[in-house]
Amino acid sequence: MKKFIIALLIYIYSQITFAETYTLITPFPPGGTTDTTARYLTDKLNKRFSDKFIIINKPGANGTIAYQYFLESYKHNPNTLLFGTLSTILLEDITNPNNPLRISDNTRVLINLGRSELLVMARKEDPRNKADDFKNSNIGYFSPLLYLNAKLLGFDKNGNQFIPYKGEAATRLAFLSKEIDVIADTSSQTDDFKSKVKIIASSSKYNLYGVFSIIVPKNFDTFKLNDLNTKFNRILNDNEVQEWMKSRDLHGAGGTPEEGDASYNIARKYYTTIIK
């Protein structure tokens, strides 16, 4: 009994002493899959652990605004994290080699949270079913990876035009209002939206996926790195969280920071090869 009380007191003391407040930067606006996933997972963390997570949305410029804000904020607040997609970060650095931020060179992966398939879709009533069927059509997308995916799948031919939008919600609204004919999107959508579309091409052909990750600077505190990794893994192993992610076509990930870094390096080589 004495040992139990001592262990309990140590646990309580550690929770009080090491409770932290973290700022999580996301490069996408509120309402989209990335933002919704970030808010859902941090809400679970806030309820389960003593640490607190605050989300700040910094959309625009293909993530550059968020990346710059993240790197600058970290100088003043070492508890600053980035909730983003490895693909978007890597593509920004690969396609813009003179970019002074070089976010992928200065960061590492705390944990990979999950991944979603990349799709190209048309309205259900559209009789066309493959890339070659579309001519002089407008194709909407909201991230560089989705543009790359649609291009690799052949939608840059036959006079088709790519139109960028600021965020998932705006792109899907343009699609539903028939402003665009085709949407390059992720598989993570609401049931209502899914009921209105049909898949005409998939990223699985090129093994491309949108991977949601928590990114930190390379010199991030080691104790906090491992502590947060453990907490995120515990949340991802929760049955309710797994069902929630499954309902949104998100494949759960998890793992160690070292495994996250390995995926970073593999993805870098892969995207470099594809773009070349």
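The text that follows walks through the structure, step by step, so that each part is easy to find. As the structure is a prediction and not an experimental result, all values here were calculated from the model.

### Regarding helix H4 (residues 86-95)
Among the 10 residues that make up H4, 8 are buried, leaving the element largely enclosed by the rest of the structure. All of the buried residues along H4 are Leu86, Ser87, Thr88, Ile89, Leu90, Leu91, Glu92 and Asp93. In this fold, the buried residues of H4 make contact with helix H3 (64-76), strand S3 (80-85), strand S4 (107-123), helix H5 (144-152), strand S9 (209-217) and helix H10 (257-275).

### Quick look at the side chain of threonine 186
Structurally, the position occupied by threonine 186 is in strand S7 (residues 182-186). Under the relative-accessibility criterion, threonine 186 is labelled buried at 10%. With residues up to four places along the chain from it excluded, the contact list for threonine 186 reads Thr33, Ser116, Glu117, Leu118, Leu119, Met121, Phe142, Leu146 and Arg172.

### Brief notes about the packing of aromatic side chains
Under the definition given, this model contains 10 aromatic pairs. Aromatic side chains phenylalanine 53 and phenylalanine 232 sit 6.1 Å apart centroid to centroid with 70 degrees between the ring planes, which places their arrangement in the edge-to-face category. With phenylalanine 53 in strand S2 (residues 52-57) and phenylalanine 232 in helix H8 (residues 222-236), the pair connects residues that are 179 residues apart, well separated along the chain. Comparing phenylalanine 53 with phenylalanine 232, the two get one shared label, buried. Taking the centre distance of 6.0 Å and the plane angle of 55 degrees together, the rings of phenylalanine 175 and phenylalanine 193 count as tilted. With phenylalanine 175 in helix H6 (residues 168-176) and phenylalanine 193 in helix H7 (residues 191-194), this pair connects stretches of sequence that are 18 residues apart. The same class applies to phenylalanine 175 as to phenylalanine 193, namely buried. The ring of tyrosine 69 is capped by lysine 58, whose NZ or CZ atom sits 4.5 Å from the centre of that ring.

### What to know about unusual backbone geometry
Even without glycine at this site, asparagine 136 takes up a positive phi of about 50 degrees. On the basis of relative accessibility, which here comes to 64%, the residue asparagine 136 falls in the exposed class.

### Remarks on the pattern of salt bridges
With the rule as written, the count across this model stands at 15 salt bridges. Here the residues in one salt-bridge network are Asp51, Asp227 and Lys231, joined through shared partners.

### Re the nonpolar core
Residues Val120 and Phe155 are the most contacted members of the largest nonpolar core, which totals 38 residues. Excluding anything up to four places from it in sequence, valine 120 contacts Asn149, Ala150, Leu153, Phe155, Val182, Ile183, Ala184, Lys198, Ile199, Ile200 and Ala201.

### Quick word on the packing of H4 against H10
Two elements in contact, H4 and H10, have axes whose closest approach is 10 Å; the angle formed by their N-to-C orientations is 50 degrees. In terms of orientation, H4 lies oblique with respect to H10. Crossing geometry of H4 relative to H10 is assigned as right-handed. Residues Leu86, Ser87, Ile89, Leu90, Leu91, Ile94 and Thr95 of H4 form the contact with H10, whose own contacting residues are Ser263, Tyr264, Ala267, Arg268, Tyr271, Thr272 and Ile275. Classifying every residue of the contact of H4 with H10 by side-chain character gives 9 nonpolar, 4 polar and 1 charged.

### Some remarks on the pairing of S4
Each regular strand carries side chains that alternate between the two faces of the sheet. With 15 of 17 residues buried, S4 lies mostly within the body of the structure. In this structure, S4 lies alongside strand S10 (residues 251-252), joined through 2 bridges in antiparallel fashion. Bridging across to S10, arginine 115 finds its partner in histidine 251. Pairing of S4 with S7 involves 5 bridges; the strand directions are antiparallel. Looking across to S7, one finds that valine 120 is bridged to alanine 184. Bridge analysis of S4 against strand S8 (residues 197-202) gives 5 bridges, and the strand direction is antiparallel. Paired with arginine 123 across the bridge in S8 is valine 197.

### What about the side chain of threonine 37?
With respect to the helices and strands, the residue threonine 37 is situated in helix H2 (residues 33-48). With near-sequence residues (within four places) excluded, threonine 37 lies in contact with Phe83, Trp244 and Leu250.

### Structural notes on the environment of phenylalanine 155
By the element assignment, phenylalanine 155 lies in the loop between H5 and strand S6 (161-164). For phenylalanine 155, a relative accessible area of 0% puts it in the buried group. It is 19 Å that separates the C-alpha atoms of phenylalanine 155 and leucine 91, two residues lying 64 residues apart in sequence. Contacts of phenylalanine 155, omitting those with residues within four sequence positions, involve Val120, Ala131, Phe134, Ile139, Ala150, Asn160, Phe162, Ile200 and Ala201.

### A word on the environment of glutamate 92
Locating glutamate 92 in the fold gives a position in helix H4. Classification of glutamate 92 as buried rests on a relative accessible area of 8%. In this structure the C-alpha to C-alpha distance between glutamate 92 and threonine 80, which are 12 residues apart in sequence, comes to 21 Å. Once you skip the residues sitting within four places of it in the chain, glutamate 92 turns out to touch Asn62, Thr64 and Asn99.

Conventions adopted
- Residue positions within a chain follow its written sequence, with the count starting from 1.
- In view of the model being predicted, local features appear only for residues whose pLDDT reaches at least 70, and side-chain atom pairs are presented and counted only at 80 or more, with totals across whole chains, interfaces and linings using the full set of residues.
- Excluded from the side-chain calculations are hydrogens and water; all other atoms, namely the structure's heavy atoms, are used.
- Relative accessible area decides the class of each residue, using a 1.4 Å probe on protein chains only: under 20% of the type maximum gives buried, over 50% gives exposed, and in between gives partly exposed.
- What counts as a helix is a DSSP run of H or I of at least four residues, what counts as a strand is a run of E of at least two, and both are numbered from the N terminus.
- The contact rule is simple, with two residues in contact once any of their heavy atoms fall within 4.5 Å.
- Any two rings among Phe, Tyr and Trp, with Trp reduced to its six-membered ring, count as a pair given centres within 6.5 Å; such a pair is stacked if its planes are under 30 degrees apart, edge-to-face if over 60, and tilted if neither.
- Geometrically, a lysine NZ or arginine CZ counts as sitting over a ring once it is within 6 Å of the ring centre and also within 35 degrees of the ring normal.
- In what follows, salt bridge is the name for a side-chain nitrogen of Lys or Arg lying within 4 Å of a carboxyl oxygen of Asp or Glu.
- The set of buried Ala, Val, Leu, Ile, Met, Phe, Trp, Tyr and Cys residues whose side-chain atoms join them within 4.5 Å is what this entry labels a nonpolar core.
- Working convention: axes come from line fits to C-alpha atoms, limited for helices to the stretch in contact. Angles between N-to-C directions cover 0 to 180 degrees.
- If an angle is under 35 degrees, it is roughly parallel; if it is over 145, roughly antiparallel; if it lies from 65 to 115, roughly perpendicular; otherwise it is oblique.
- By definition, any crossing whose near helix is turned counterclockwise from its far helix by less than a right angle is left-handed, and any crossing with a clockwise turn is right-handed.
- Classification used: nonpolar for Ala, Val, Leu, Ile, Met, Phe, Trp, Tyr, Cys and Pro, charged for Asp, Glu, Lys and Arg, polar for all others including Gly.
- Between any two strands, at least two bridges found by DSSP are needed for them to pair.

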